[in-house]
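Observations on the three-dimensional arrangement
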Amino acid sequence: MTPIFQTSTYVQQAPGINKGFEYARSQNPTRKALEEALAIIENGRYGLAFSSGVAATDAVIKLLAPGDEVIAASDMYGGTYRLFTKVFEKFGIRFIYVDTTDTSQVRQAVTSRTKLIWLETPTNPLMNITDIAAVAEISREAGSLLCVDNTFASPYLQNPLDLGADIVMHSATKYLGGHSDVIQGALIMNDAALREQLYFIQKSCGAVPGPMDCFLVLRGIKTLHLRMQQHCINGEKIAHWLRSHPAVANVYWPGFEDQPGHAIAKKQMRGFGGMISFELKKDTIEEVHRVLSSTRLFSLAESLGGVESLINHPASMTHASIPREERIRNGLKDSLIRLSVGIEDADDLIADLQQAIA
Ligand SMILES: Cc1ncc(COP(=O)(O)O)c(C=O)c1O
């Protein structure tokens, strides 16, 4: 097994002459092994690991300068929105939010200052699908970079670099780690100059993961394919069951043939995953709280992508950092419930939801 190189520094041969490793913020052999694995599973040439998903996003935005513009999805993870609006806007970077599922809105938002297009597909939590290849073409014509947050799909189901993206970002905390025991982020790219710029930011800003965490994500990656297969099987079963339940209103899951974006999802994904959101017909906060507090197998918690199922209330948990007005405008209701379907027995999970919703 790849050893956990639990060291902050490396003995050097002579002043200025090292054996490939000088200081662990810049290089670590466990991290190097992980970064090579990340590149391979995303069909990329280079991988870089960060101390969290938001640290990876932070590194991408640090490629920019004041006056640059970013076109970003109006529906995405709340922490990404918070980083953009609360941290980077004050440094003079402009973020323009559009419904990226409608690629004409992306095209219309392009200006001579557009330097980055930021996509998330499927989105957290509404499972909106954006056509990566179509936006990659717009980005190329605009002379911009395209970064895709591929956390929800995982590299097993979708490879944005193959569809023309310049950078793939992951919260490795989720499916890559897979066991809800590590916080980590990743960037994967093909261009050597871009890798150098991002590596420079990684070592200069210092948001690097520790070797133990790199070991855990390396181990997670070994079972990614098996876990994802089960997440997809369970996700499909539970999504259909929810849809047929008389107390359930909308169910958001990209595998439904009548779901907007299904045709694009089918084109760019190899499966539809285990992330599902839904609303109850009894659209009150009390009823939502009752359901969220009643599950036994689904644990009430933030995060996703682990082997154990989680239930989450985006409005008060993962997406609380988005102002309510904006959330509602983007379709994220107070009553939306999000499930991260794990790899347990699907019938046990359905029985749990049945007793909670009933
Ligand atoms: C889609 C998505 N992107 C990015 C992040 C941020 O990752 P991390 O929590 O590892 O910083 C999350 C976390 O929930 C996420 O769901």
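To be clear, the structure that these remarks concern was listed above.
Residues numbered from 1 in each chain as written. Predicted model: local features only at pLDDT ≥ 70, side-chain atom pairs only at ≥ 80, totals over all residues. Heavy atoms only, no water.

**As for the environment of Leu 218**
- Tracing the sequence through the fold places Leu 218 in helix 8 (residues 211-222).
- For the pair Leu 218 and Leu 176, spaced 42 residues apart in the sequence, the C-alpha separation amounts to 8.2 Å. (Helix = DSSP H or I, 4+ residues; strand = E, 2+ residues; numbered from the N terminus.)

**Let's talk about the pattern of salt bridges**
- Following the criterion strictly, the structure yields 15 salt bridges and no others.
- The shortest N-O distance in the salt bridge between Lys 32 and Glu 36 comes to 3.2 Å. Residue Lys 32 and its partner Glu 36 are located together in helix 1 (residues 29-41), separated by four residues, close to a single helical turn.
- Judged by relative accessible area, which is 43%, Lys 32 ranks as partly exposed.
- With its nearest N and O atoms 2.6 Å apart, the salt bridge here joins Asp 58 to Lys 62.
- Residue class for Asp 58 comes out buried when judged on its relative accessible area of 17%.
- For Lys 62, a relative accessible area of 34% gives the class partly exposed.
- Among the ionic contacts, a cluster of salt bridges with common partners joins Glu 69, Arg 94 and Arg 113. (Salt bridge = Lys/Arg side-chain N within 4 Å of Asp/Glu carboxyl O. Buried < 20%, exposed > 50% of the residue type's maximum accessible area, 1.4 Å probe, protein only.)

**Some thoughts on the site of the ligand**
- The environment of the ligand is formed by 14 residues, the closest being Gly 53, Asp 149, Ser 171, Thr 173 and Lys 174.
- The separation between an oxygen atom of the ligand and a polar main-chain atom of Val 54 is 2.9 Å.
- A distance of 2.5 Å separates an oxygen atom of the ligand from a polar atom in the side chain of Lys 174.
- Protein contacts shield 93% of the accessible area of the ligand, which totals 390 Å² for the unbound molecule.
- According to the grid-proximity analysis, the pocket containing the ligand is the largest pocket.
- Among the elements of the structure, helix 2 (53-61) and strand 6 (167-171) are those that each provide at least two residues to the shell around the ligand.
- Grouping the constituent residues of the shell around the ligand by class yields four nonpolar, seven polar and three charged. (Near = heavy atom within 4 Å. Polar contact = N/O pair within 3.5 Å; in protein donor to acceptor, adjacent residues only side chain to side chain. Areas by Shrake-Rupley, 256 points an atom, 1.4 Å probe, with all protein chains shown as cover. 1 Å grid on protein atoms, 1.4 Å probe; cavity = no way out; pocket = protein on both sides within 12 Å on 5 of 7 lines; lining within 4 Å. Sits in = over half its atoms within 2 Å of the grid points. Nonpolar A, V, L, I, M, F, W, Y, C, P; charged D, E, K, R; others polar.)

**Some details on the sheet that holds strand 11 (residues 310-312)**
- An order of 8-9-12-11-10 is seen for the five strands of this open sheet, with the pairing classed as mixed. Either end of the sheet is taken by a strand with one partner, and the two such strands are strand 8 (248-252) and strand 10 (299-300).
- Strand direction decides the pairing type here: strand 11 and strand 12 (residues 337-340), joined by three bridges, are antiparallel. Of the residues in strand 12, the one forming a bridge with Asn 312 is Arg 338.
- Those strands touched by helix 9 (residues 224-243) are strand 8, strand 9 (275-280) and strand 12, and its axis lies near 10° from that of strand 9. (Pairing = 2+ DSSP bridges. Contact = heavy atoms within 4.5 Å. Axes fitted to C-alpha atoms, helices over the stretch in contact; angles between N-to-C directions.)

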